[in-house]
Amino acid sequence: QVRLQESGPGLVKPSQTLSLTCTVSGGSITTRYYAWSWIRQPPGKGLEWMGCITYDGNAYYSPSLRSRTAISRDTSKNQFSLQLSSVTPEDTAVYYCARDLPYSDYADYWGQGTQVTVSS
């Protein structure tokens, strides 16, 4: 059973960098050919795919967020992380990490989500 758990600060000040970590258990983030994604849901809005990192370490980003998003991984800890710079209150959302099936945009395993609020 694959399990994912988001962690990081729940409150970030405007202009700062939002940093979250997803810890994966029950499966390796290097297993072919899965990708590992960050998805968010602002209050009252739909899910927004932010980006992912593949089993072999290649990162991809939503065009709207590419300029201020970085996804990385630590294979020794079986973790991958999200950094979103220059945040504003519009970045307030529940943030999820998830596993994407090979050759698909369908996520089969999700973390429970973590609320991040951007406020001064």
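Everything below is about the structure shown above.
Note that the coordinates shown come from a computational prediction; the quantities given were computed from them, not determined experimentally.

> Talk me through the sheet that holds strand β1 (residues 3-7); I want residue IDs and the actual numbers.
The strand order across the open sheet formed by 4 strands is β1-β3-β8-β7, and the pairing between neighbours is antiparallel. Single-partner strands in this sheet number two, and they are β1 and β7 (69-74). Between one strand axis and the next, the sheet turns through 20° on average, direction left out of account. Two strands pair when backbone bridges link them, and β1 and strand β3 (residues 18-25) are joined in this way by 5 bridges, in the antiparallel orientation. Its bridge partner being in β3, Q5 is matched across the sheet by T23.

> Talk me through the side chain of E6; I want residue IDs and the actual numbers.
Along the chain, E6 falls in strand β1. Put simply, E6 is tucked away with no salt bridge, and the nearest opposite charge, on R3, sits 12 Å away. Of note is the side chain of E6, whose polar atom sits 2.9 Å from the backbone nitrogen of C97. A polar contact is formed between the side chain of E6 and the backbone nitrogen of Q112, at a distance of 3.4 Å. Discounting residues that sit within four places of it in the chain, E6 has contacts with T21, C22, W38, Y95, Y96, C97, G111, Q112, G113 and T114.

> If you had to explain the pairing of strand β5 (residues 48-54) to someone new, which residues and values would you point to?
Most of β5 is tucked away: 5 of the 7 residues are buried. Here strand β4 (residues 35-41) pairs with β5 via 6 bridges, running antiparallel. Along β5, the bridge assignment pairs I39 with W49. Where β4 folds back onto β5 in an antiparallel hairpin, the turn is made up of 6 residues, including G44, whose phi is positive at roughly 75°.

> Mind laying out the nonpolar core, listing which residues take part and the relevant values?
In terms of nonpolar packing, the biggest core is built from 25 residues, with L18, W36, W38, F80 and Y95 touching the most fellow members. Listing elements by their share of this core, those giving two or more residues are β3, β4, β5, β8 (79-84), β9 (93-100) and β11 (114-118). Contacts of Y95, omitting those with residues within four sequence positions, involve E6, L18, L20, I39, R40, M50, L82, L84, G113, T114 and V116.

> Describe the state of the cysteines, naming the residues involved and giving the relevant values.
Counted according to the given criterion, the structure contains 1 disulfide. Sulfur of C52: no disulfide; nearest cysteine sulfur belongs to C22 and is 13 Å away. Judged by its relative accessible area of 8%, C52 is buried.

> Tell me about the packing of aromatic side chains, and please be specific about residues and values.
Counted according to the given criterion, the structure contains 5 aromatic pairs. Their ring planes at 85° and their centres at 5.3 Å tell us that Y33 and Y55 sit as a pair that is edge-to-face. Linking Y33 in the loop between β3 and β4 with Y55 in the loop between β5 and β6 (59-61), this pair joins segments that are 22 residues apart in sequence. The exposure class of Y55 is partly exposed, given its relative accessible area of 22%.

Basis of the calculations
- Along each chain, residue indices are assigned from 1 in the same order as the chain's sequence is written.
- Two thresholds apply to this predicted model, a pLDDT of at least 70 for residue-level local features and 80 or more for giving and counting side-chain atom pairs, whereas whole-chain, interface and lining totals are computed over all residues.
- Where side-chain values are given, they derive from all heavy atoms of the structure, hydrogens and water being excluded.
- Think of it this way: DSSP has to see at least two bridges between two strands before they count as a pair.
- Labels follow the DSSP assignment, with helices taken as runs of H or I lasting at least four residues and strands as runs of E lasting at least two, numbered in each case from the N terminus.
- Inter-axis angles, ranging from 0 to 180 degrees, are taken between N-to-C directions of lines fitted to C-alpha atoms, where helices are fitted over the stretch in contact.
- With a 1.4 Å probe rolled over the protein chains alone, any residue whose accessible area is under 20% of its type maximum counts as buried; one over 50% counts as exposed, and the rest are partly exposed.
- His is not counted here, nor are the chain ends, while Lys and Arg score as positive and Asp and Glu score as negative.
- The rule for a salt bridge is simple: a side-chain nitrogen of Lys or Arg has to be within 4 Å of a carboxyl oxygen of Asp or Glu.
- A 3.5 Å cut-off defines polar contacts: any pair of N or O atoms within that distance qualifies, except that in protein one atom must be a possible hydrogen donor and the other a possible acceptor, and neighbouring residues in sequence count only when both atoms are side-chain atoms.
- It only takes one pair of heavy atoms within 4.5 Å for two residues to be counted as in contact.
- The definition of a nonpolar core used throughout is a set of buried Ala, Val, Leu, Ile, Met, Phe, Trp, Tyr and Cys residues joined through side-chain atoms within 4.5 Å.
- Note that a disulfide, as used here, is simply two cysteine sulfur atoms within 2.5 Å.
- Planes of paired rings set the category: under 30 degrees apart is stacked, over 60 is edge-to-face and the rest tilted, where pairs are Phe, Tyr or Trp rings (Trp by its six-membered ring) whose centres lie within 6.5 Å.

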